Amino acid sequence: MTETTHQQSPRTGDGDRSPEYRLAQNALQGLRQDLFHDPFAYRPLGRRPADGPLLRRLPARMRTAAERLPHAVVGAIALLTLMVGAVSGSEPGGDGRALLAGLLCAVPVVVTLSRPVGAFWLSLASGPLTALLNGDGSDWPWMPGSFVSHLTVLVVVALRTRPRTAVWMWVVTALYAVFGDIIFGGSYYYSNGAPMLVLSAFALLLVCLWHVRHTAQQEVTAQQTVTAQERSRRTLLEERTTIARELHDVVAHHMSVVAIQAEAAPYRVENPPEELERAFATIRENAVAALTELRRILGVVRAEDYEAPDAPQPTLADLDALLVNVRGAGPAVEKVVTGAVRELPQGVELSAYRIVQEALSNSLRHAPGASARVEIGYVLGGLGVRVVNGPMPEPSLVKPSPGAGHGITGMRERVAMLNGEMTAGPTEDGGYEVAVFLPVTAVNEGDA
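The model shown is predicted, which means the values in this text are computed figures rather than measured ones. The residue numbers shown here count from 1 along each chain, following its written sequence. Local features in this predicted model are restricted to residues whose pLDDT is 70 or higher, and side-chain atom pairs enter the listing and the counts only when it is 80 or higher, whereas totals over whole chains, interfaces and linings include all residues. In computing side-chain values, all of the structure's heavy atoms are included and hydrogens and water are not.

Trainee: Would you take a moment to explain the overall build of the chain for this structure?
Mentor: When its secondary structure is counted, the chain shows 13 helices and 5 strands. With 448 residues in all, the chain has 33% of them scored as buried. Considering only contacts within the chain whose residues lie at least 6 apart along the sequence, 71% involve residues at least 24 apart. Note on areas: Shrake-Rupley, 1.4 Å probe, and residue coverage restricted to the protein chains presented here. Roughly 27200 Å² of accessible area belongs to the chain as shown, and the carbon and sulfur atoms make up 60% of that amount. Secondary structure elements are defined from DSSP: runs of H or I of at least 4 residues count as helices, runs of E of at least 2 residues count as strands, and each element is numbered from the N terminus. Only protein chains enter the accessibility calculation, which uses a 1.4 Å probe; a residue whose area is less than 20% of its type maximum is buried, one above 50% is exposed, and one in between is partly exposed. Residue contacts are counted whenever heavy atoms from the two residues lie within 4.5 Å of one another.

Trainee: Explanation requested: unusual backbone geometry in the structure shown.
Mentor: Trans peptide bonds make up most of the peptide bonds, and negative phi angles are found at most residues other than glycine. One non-glycine residue with positive phi stands out, namely D38, at about 50 degrees. Mapped onto the fold, D38 is located in the loop between helix 2 (19-36) and helix 3 (60-66). In this structure, N419 takes a positive phi of about 60 degrees despite not being glycine. Mapped onto the elements of the fold, N419 is located in the loop between helix 13 (406-417) and strand 4 (421-426). Taking the relative accessible area as the measure of exposure, N419 reaches 67% and is therefore exposed.

Trainee: Help me understand the packing of aromatic side chains, please; the structure alone is not making it clear to me.
Mentor: What describes a pair of aromatic rings is the distance from one ring centre to the other and the angle between the planes of the rings. Only Phe, Tyr and Trp rings are paired, with Trp represented by its six-membered ring, and only when their centres lie within 6.5 Å; those with planes under 30 degrees apart are stacked, over 60 edge-to-face, the remainder tilted. With the rule as written, the count across this model stands at 3 aromatic pairs. Relative to W121, the ring of F36 has its centre 5.2 Å away and its plane inclined at 45 degrees; by these criteria the two rings are tilted. You can see F36 sitting in helix 2 and its partner W121 sitting in helix 6 (residues 116-134), a full 85 residues away along the chain. Following the ring pairs from residue to residue traces out a cluster consisting of F36, F120 and W121.

Trainee: Could you clarify how one ought to interpret the packing of helix 5 (residues 96-111) against helix 7 (residues 144-160) in this entry?
Mentor: Axes are the key here: two packed helices are described by the angle between their axes and the distance separating the axes. Angles shown run from 0 to 180 degrees and are taken between the N-to-C directions of axes, each axis being a line fitted to C-alpha atoms and, for helices, limited to the stretch in contact. Running from amino to carboxyl end, helix 5 crosses helix 7 at an angle of 10 degrees, the nearest separation of the two axes being 9 Å. By the angle between their axes, helix 5 is roughly parallel relative to helix 7. Side by side, helix 5 and helix 7 meet where C105, P108 and V109 of the first sit next to G145, S146, S149, T152 and V153 of the second. Split by residue class, the contact of helix 5 with helix 7 holds 4 nonpolar, 4 polar and no charged. Each angle receives one of four descriptions, namely roughly parallel if under 35 degrees, roughly antiparallel if over 145, roughly perpendicular if within 65 to 115, and oblique otherwise. Only Asp, Glu, Lys and Arg are considered charged in this grouping, and only Ala, Val, Leu, Ile, Met, Phe, Trp, Tyr, Cys and Pro are considered nonpolar; every other residue, Gly among them, is considered polar.

Trainee: Is there a simple way to explain helix 6 in this structure?
Mentor: Owing to its 3.6 residues per turn, the α-helix brings residues three or four apart onto one side. Residue count minus one, scaled by 1.5 Å, sets the expected span of a helix. For helix 6, which comprises 19 residues, the first-to-last C-alpha distance of 26 Å matches the rise-based estimate of 27 Å (1.5 Å per residue) to within 8%. The largest bend in helix 6 is about 25 degrees, located at S126, with the proline P128 one to four residues further on. Burial in helix 6 covers these residues: P116, V117, G118, A119, F120, S123, L124, S126, G127, T130, A131 and N134. Bend is computed residue by residue as the angle between axes fitted to the seven residues ending at the residue and the seven residues starting at it.

None of this, on its own, says anything about what the molecule does.
Structure (structure tokens):
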């Protein structure tokens, strides 16, 4: 049995190949995909993004021209290679062969704008043609024009593709240089293969480092965007959780009072009618059922370590104590109440108190020392709240503390849950204003 097992194991599939074999296979697949798969495919160079810190400051016409700056740079280098290739041969000047040699050097550089991988192969093919056409044997395998052309093509193609393609281009260039030295080097006085390999390796290394840095910046930017969105979502959920807890406490308290009063009401009337007893019993049953359902739904937002506060929730009657605390921090705070003061639903008063509290806290953080004004307006359809602070005094010993905008988010959530309206923004004098309207449904005395 042992011999049979050892005889069958070599006939397994490719999964049992050695790691070296799989590495070589993957490398050859990468070479075929990067340099041999449709090398002359049309891939035009796009415009440069105009969202950089420098380009944003340019006029619109200059910004449009700057978007074509990469194309202009490549065109200028192509013109340079044309001139170098035409004047550096054995017959420089206006000779036809010299002009043809210059064109052979310039064409691969221009082709990088539309067919980058194909430009690399054209550059390799034009090198020996230029040397044979207009060379004097002093430079091999690249004439001066071909040297500049091929180095430019390597850099441009590496910028337009990816680091793996740059590595493969350098390997093919090295094989070409070694092959040229071995086959044709004996009849030439000088080989510039080594300078080409050293300069191209250094240039491609810089390009690969740029690719790595650019990719890392994109990943960091994407991660920061996701993190900011998650932070905003988490803040929104935390605010909703806090509001739900407070509303749970308010509604649960009132429903409990309704249930207790409905149960005790028949005993306060001597010989109550049977219909009245049934009505109070129905009220108590509905109140208990609603309270149970409310606790079942909103109870899930309570953390395990959350404890309901022993003290009652604050209302607008507690604003004076809040303003005293704020004045203790230094700034002058004025309170103005307009309209007929009346008792409002506890949820409205709690939200109004929290909005004023958060607005004053923002004023202390962002404009320390600035005076503030709190306006409470009792109107027919609801309650108006306006908190406005002036600009930070100059000079100020206390520096503003930047925030993430969570307070504004919480205020908007409170207003939205009560179907209210809210505006927040800077004022003309450099201060900040928060204006809120919380609707209150009117209750007729006969319905009370």
